[in-house]
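# Fold and contact review
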There are 2 protein chains.
Amino acid sequence: MGRPTMNDVARRAGVSLKTVSRVVNGEATVDPALAARVRAAVAALGYRPNLGASMLRRNDRRTRTIGLLLDDAGDPFSALLHRAVEDEAHPRGVHVLSGSLDDDPDRELELATAFARRHADGLILAPAAPDQGYLARELQPGTPVVFVNRPATGYRADTVLAANRSGAAAATRHLIGHGHRRIAFLGATPRFATARSRRQGYRDAMREAGLPTCEAAVPEARGPAATAALLALAEPPTALFAAEHRLTVGALRALRREGLHRRIALVGFDDLPLADLLEPALTVVAEDPAAMGRAAARALFERIEGRAGEPREITIATTLIPRGSGELAP
Amino acid sequence: MGRPTMNDVARRAGVSLKTVSRVVNGEATVDPALAARVRAAVAALGYRPNLGASMLRRNDRRTRTIGLLLDDAGDPFSALLHRAVEDEAHPRGVHVLSGSLDDDPDRELELATAFARRHADGLILAPAAPDQGYLARELQPGTPVVFVNRPATGYRADTVLAANRSGAAAATRHLIGHGHRRIAFLGATPRFATARSRRQGYRDAMREAGLPTCEAAVPEARGPAATAALLALAEPPTALFAAEHRLTVGALRALRREGLHRRIALVGFDDLPLADLLEPALTVVAEDPAAMGRAAARALFERIEGRAGEPREITIATTLIPRGSGELAP
DNA sequence: GTGAAAGCGCTAACAC
DNA sequence: GTGTTAGCGCTTTCAC
């Protein structure tokens, strides 16, 4: 009952346990005849090595597992990032254990701790909690971490971020360049640094053009209401910059409902599927979640393989994609 | 160097190793005073249990890990399914190891085998290979499997499928009900049972209405070309049923390019984000990936917890969502 | 090139 | 209640 062990294989092949271990691990120093007998026994018994046991004894102590903690595995941004991480891990024989945080600090702590107890070789984390100081306590010493999408507080490690500030400034300048002067900013509540950076980029561009700012900072679900409120102003904006994809969708719906989608310009942060098939097609500043995942995974594997030195900050460029909604005249 | 072990805690607390084990595992039969000393030592040393070691010795042999093998972690359908699985696993203290198969049989075998070597407690698999017979060899005996999204061949286990045939029939009947008689089917190459079921549903509805069928079976990337070919027929269809979401997007683009998107009716299988903001808005037969993930995970955990009996087949209903593109008159 | 003995960190079984 | 002994399945060390 239960799987056969190395011992069973050794007995059947008439060799020592250690010889089986050598064959299974592909160490060259085994007589071909013995190796063949071992392999025959492995096949006959259906022997499969137990990775948990080998990891316990092995010197390098690698589980060949990394942990990936993102906001929501079901969200397209996280999904693409996840896939990119997997694509870096797979050729290295590493598997990905993942979890969704839903902006919940407790859940971050819980999952990061759980992955540490499982001896993940490293962690990629999109911080949800206000502070990551707990990592120093909970992680196995020497376990590398890479932060992605949001900067961390209280723990220093490599960090991969989108060019939020410059991307937001580019979006705003694009609208200014098309003649707009009353450009409203629709952003998430500035709880996260990402939201603050994007607002800052908007302000940079407005200030350098000598234009007054007009900002709405709301929870992500309140996009339609916030857009409606902006449109109801005495001097309503002629253009909107929506700094989160959920707010972009909210703005789209509100403009549609008011019949203003061909009159008011709109640029969104983050690309959306089908954005090119809307009428007018949606102009966006696209992030590159796959590039972020790739960069984060590469940085993590470099650290796992021993790279030393100061934490690095890696910025992934954004791309302005003009499609129509951002080129409407005021 | 390295983490402190239970032994270190025991020494520091002046108790036996077994007492530490009892405290750490929350067994009640420990003197409160001793337990307090142990907990103090745990805190002082920063002791964290090693799950791998405990799993090796434990009787239940649970790793509290399940494997999830889907087509592509970056795809919205897989992502939502993944998230639903995670939501069932999380309250049970179980973590999810995932991998993308990209319709590659070798990759399915490789990843399923790898997860088996890691002693995952169970596996949720969207089959990519033509045969799953290898599972009998590779899995730890008694490891339950649930197939999702596609039926398996050569291995019997619980299976969760969308109502592909009846959903496709409903889509086709919807178009027939709106007066269409020349309705073309745009489907993936019938390599997978899913594609065949949808085609069958289309045929069911066409036959029961006494209408001739018109089918294009193409790789998923060839949606625009296949649509263009259908539109170029001597008697072109007045309505399209696109049986995969990538083909739906291809059809949308082709219709748009020909300026026919307000003339030719279109129903897609699988919902798309922003589908309601297109003009005309896209009518779909929506699958419910979250319900599929939930059902698969629940079935898996029931088996892990010992449920016996014949494999079950669970069908998740589809929902027709009329939005405009499917209600265009011929 | 091969094998015997030790032990990774932990829990099971059973004594005390 | 608590401790002792054995050993999960494997790799390491070191002798042969």
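Residues numbered from 1 in each chain as written. Chains lettered and ligands numbered in written order. Predicted model: local features only at pLDDT ≥ 70, side-chain atom pairs only at ≥ 80, totals over all residues. Heavy atoms only, no water.

### Quick look at the sheet that holds strand β7 (residues 215-218) of chain A
Residues and elements named next belong to chain A. Strands sit in the order β7-β6-β8-β9-β10-β12 across an open sheet of six strands; the sheet is mixed. A strand with exactly one partner marks an edge of an open sheet, and here the two such strands are β7 and β12 (319-321). Each strand of the sheet is rotated relative to its neighbour by a mean of 15°, with strand direction disregarded. Pairing analysis gives four bridges linking strand β6 (residues 183-188) to β7, with the strands arranged parallel. From the neighbouring strand, L186 faces β7, where its bridge partner is A216. Here helix α10 (residues 223-231) sits on the sheet and contacts β6, β7 and β8 (239-242); the angle it forms with β6, its principal contact strand, is near 155°. (Pairing = 2+ DSSP bridges. Helix = DSSP H or I, 4+ residues; strand = E, 2+ residues; numbered from the N terminus. Axes fitted to C-alpha atoms, helices over the stretch in contact; angles between N-to-C directions. Contact = heavy atoms within 4.5 Å.)

### Brief notes about the environment of R37 of chain B
Residues and elements named next belong to chain B. Residue position: R37 is located in helix α3 (residues 32-45). Separated by 109 residues in the primary sequence, R37 and V146 place their C-alpha atoms 45 Å from one another. Apart from the residues lying within four places of it in its own chain, the contact partners of R37 are A13, G14 and V15. Of the polar contacts made by the side chain of R37, one reaches the backbone oxygen of G14; its length is 3.3 Å. (Polar contact = N/O pair within 3.5 Å; in protein donor to acceptor, adjacent residues only side chain to side chain.)

### Topic: the relation of the copies chain B and chain A
Once chain B is rotated about the relating axis by 180° and shifted along it by 0.1 Å, it coincides with chain A to within an RMSD of 0.2 Å. Here the symmetry operator amounts to a two-fold rotation axis. Residue L97 of chain B of chain B places its C-alpha closer to the rotation axis than any other residue of that unit, at 2.3 Å. Take the interface residues of chain B: 100% of them recur as interface residues in chain A, which is what a same-surface contact looks like. (Least-squares fit on C-alpha atoms with pLDDT ≥ 70 in both.)

### Points about the domain arrangement of chain A
Residue and element names in this part refer to chain A. The domain boundaries assigned to chain A delineate domain 1 (6-49), domain 2 (65-162 + 289-316) and domain 3 (164-287 + 320-327). If you average the C-alpha positions of domain 2 and of domain 3, the two centres end up 30 Å apart. Taken residue by residue, the interface counts twelve residues in domain 2 and eight residues in domain 3. Each partner contributes to the roughly 770 Å² buried at the junction of domain 2 and domain 3, and carbon and sulfur atoms together form 51% of this total. Per-residue buried area on domain 2 facing domain 3 is highest for F77, R150 and A162; these three make up 44% of the total on that side. At the junction of domain 2 with domain 3, the criterion picks out zero salt bridges. Taken together, the links from domain 2 to domain 3 amount to three residue pairs in polar contact (both at pLDDT 80 or more). (Domains from an automatic or database assignment. Buried area = accessible area lost by both parts, 1.4 Å probe. Salt bridge = Lys/Arg side-chain N within 4 Å of Asp/Glu carboxyl O.)

### Side note on the protein's contact with DNA strand C
Neighbouring residues of DNA strand C: 27 residues in total, closest T19, D31 and R57 of chain A together with M6 and Y47 of chain B. When atoms of DNA strand C within 4 Å of the protein are sorted by moiety, sugar and phosphate together comprise 64%. At 2.6 Å, a backbone N or O of M6 of chain B approaches a phosphate oxygen of DNA strand C. Looking at the surface near DNA strand C, the elements that each hand over two or more residues are α2 (17-24) and α4 (51-57) of chain A together with α2 (17-24) and α4 (51-57) of chain B. The dominant element in the surface near DNA strand C, judged by the number of residues it contributes, is α4 of chain B, at four residues. A class-by-class count of the residues in the surface near DNA strand C yields ten nonpolar, nine polar and eight charged. (Near = heavy atom within 4 Å. Nonpolar A, V, L, I, M, F, W, Y, C, P; charged D, E, K, R; others polar.)

### Considering the protein's contact with DNA strand D
Around DNA strand D there are 27 residues in total, and K18 and Y47 of chain A together with T19, D31 and R57 of chain B lie nearest to it. Near-protein atoms of DNA strand D (within 4 Å) split between backbone and bases, with sugar and phosphate holding 61%. Here a phosphate oxygen of DNA strand D sits 2.4 Å away from a polar atom, N or O, in the side chain of T19 of chain B. One nitrogen or oxygen atom from the side chain of R22 of chain B is found 3.0 Å from a base oxygen belonging to DNA strand D. When contributions to the surface near DNA strand D are tallied by element, the ones reaching two or more residues are α2 and α4 of chain A together with α2 and α4 of chain B.

### Topic: the interface of chain B and chain A
Counting residues at the interface gives 57 residues for chain B, matched by 57 residues for chain A. Taken over both partners, the interface formed by chain B and chain A buries close to 4900 Å², and the fraction arising from carbon and sulfur atoms is 50%. The largest contributions to the chain B side of the interface with chain A come from H95, R118 and L277 of chain B, which together make up 13% of the buried area. Close ionic contact of E279 of chain B with R256 of chain A constitutes a salt bridge, the shortest N to O distance being 2.8 Å. Breaking the side of chain B that touches chain A down by element, the ones donating at least two residues are α4, α5 (76-89), β2 (95-100), α6 (105-117), α7 (134-138) and α11 (245-258) of chain B. Its residues placed into classes, the side of chain B that touches chain A shows 23 nonpolar, 14 polar and 20 charged. Inspection of the sheet shows strand β2 (residues 95-100) of chain A paired to β2 of chain B by three bridges, in the antiparallel sense. Looking at the pairing, V96 of chain A lines up with S98 of chain B of β2 of chain B.

### What about the pattern of salt bridges?
Within this structure, the stated rule accounts for 50 salt bridges over all chains. One salt bridge in this structure joins R323 of chain A and D271 of chain A, with 3.1 Å as the shortest N-O distance. Of this pair, R323 of chain A sits in the segment after β12 while D271 of chain A sits in the loop between β9 (265-269) and β10 (283-286); the two residues are 52 residues apart in sequence, bridging distant segments of the chain. Judged by its relative accessible area of 25%, R323 of chain A falls in the partly exposed class. The residue R203 of chain B makes a salt bridge to E215 of chain B at a minimum N-O spacing of 2.7 Å. Residue R203 of chain B is found in helix α9 (residues 193-208), and its partner E215 of chain B is found in strand β7 (residues 215-218); the two are separated by twelve residues along the sequence. (Buried < 20%, exposed > 50% of the residue type's maximum accessible area, 1.4 Å probe, protein only.)

### Details of the packing of aromatic side chains
Residue and element names in this part refer to chain A. Taken as a whole and judged by the stated rule, the model has eight aromatic pairs over all chains. Taking 6.3 Å as the distance between ring centres and 80° as the angle between the ring planes, the aromatic pair formed by F147 and Y155 counts as edge-to-face. Looking at F147, the relative accessible area reads 0%, which means it is buried. Aromatic rings pair up to connect F185, Y202, F241 and F269 into one cluster. Residue placement shows R198 over the ring face of F269; its charged tip is 3.9 Å from the ring centre. (Phe/Tyr/Trp six-rings, centres within 6.5 Å; stacked < 30°, edge-to-face > 60°. Lys NZ or Arg CZ within 6 Å of the ring centre and 35° of its normal.)

### A short note on the sheet that holds strand β1 (residues 65-70) of chain B
With respect to topology, twelve strands assemble into an open sheet ordered β11(A)-β5(A)-β4(A)-β3(A)-β1(A)-β2(A)-β2(B)-β1(B)-β3(B)-β4(B)-β5(B)-β11(B), the strand pairing being mixed. What marks the edges here is a single partner per strand, and that holds for β11 (313-316) of chain A together with β11 (313-316) of chain B. Strand-to-strand twist across the sheet, computed as the mean angle between neighbouring axes with direction ignored, equals 20°.

### Some details on the UniProt feature "domain: HTH lacI-type" (unreviewed entry) in chain A
Under the local residue numbering, the UniProt record ascribes the feature "domain: HTH lacI-type" (unreviewed entry) to residues 4-58 of chain A. This span, residues 4-58 of chain A, is 67% helix and 0% strand, and a straight line between its end C-alpha atoms measures 20 Å. (UniProt positions renumbered as here; feature names shortened; annotations may be inferred.)

### Brief notes about the side chain of T172 of chain B
The residue T172 of chain B is located in helix α8 (residues 164-177) in this model. Sequence-distant contacts of T172 of chain B, defined by excluding residues within four places in its chain, comprise I183, Y202, A205, M206 and F241 of chain B.

### Let's talk about the pairing of β9 of chain A
Residues and elements named next belong to chain A. Taken across its five residues, β9 has five buried, putting it largely inside the fold. Residues A265, V267 and F269 line one face of β9 and the alternating positions L266 and G268 line the opposite face, and both faces are buried. Summarising the sheet, β8 and β9 pair through four bridges and their orientation is parallel. Within β9, the residue paired with A239 across the bridge is A265. Taken together, β8, helix α11 (residues 245-258) and β9 form a β-α-β motif whose crossover is right-handed. Inspection of the sheet shows β9 paired to β10 by three bridges, in the parallel sense. What sits directly across from F269, in β10, is V285. (Right-handed = clockwise from strand over helix to strand, strands pointing away.)

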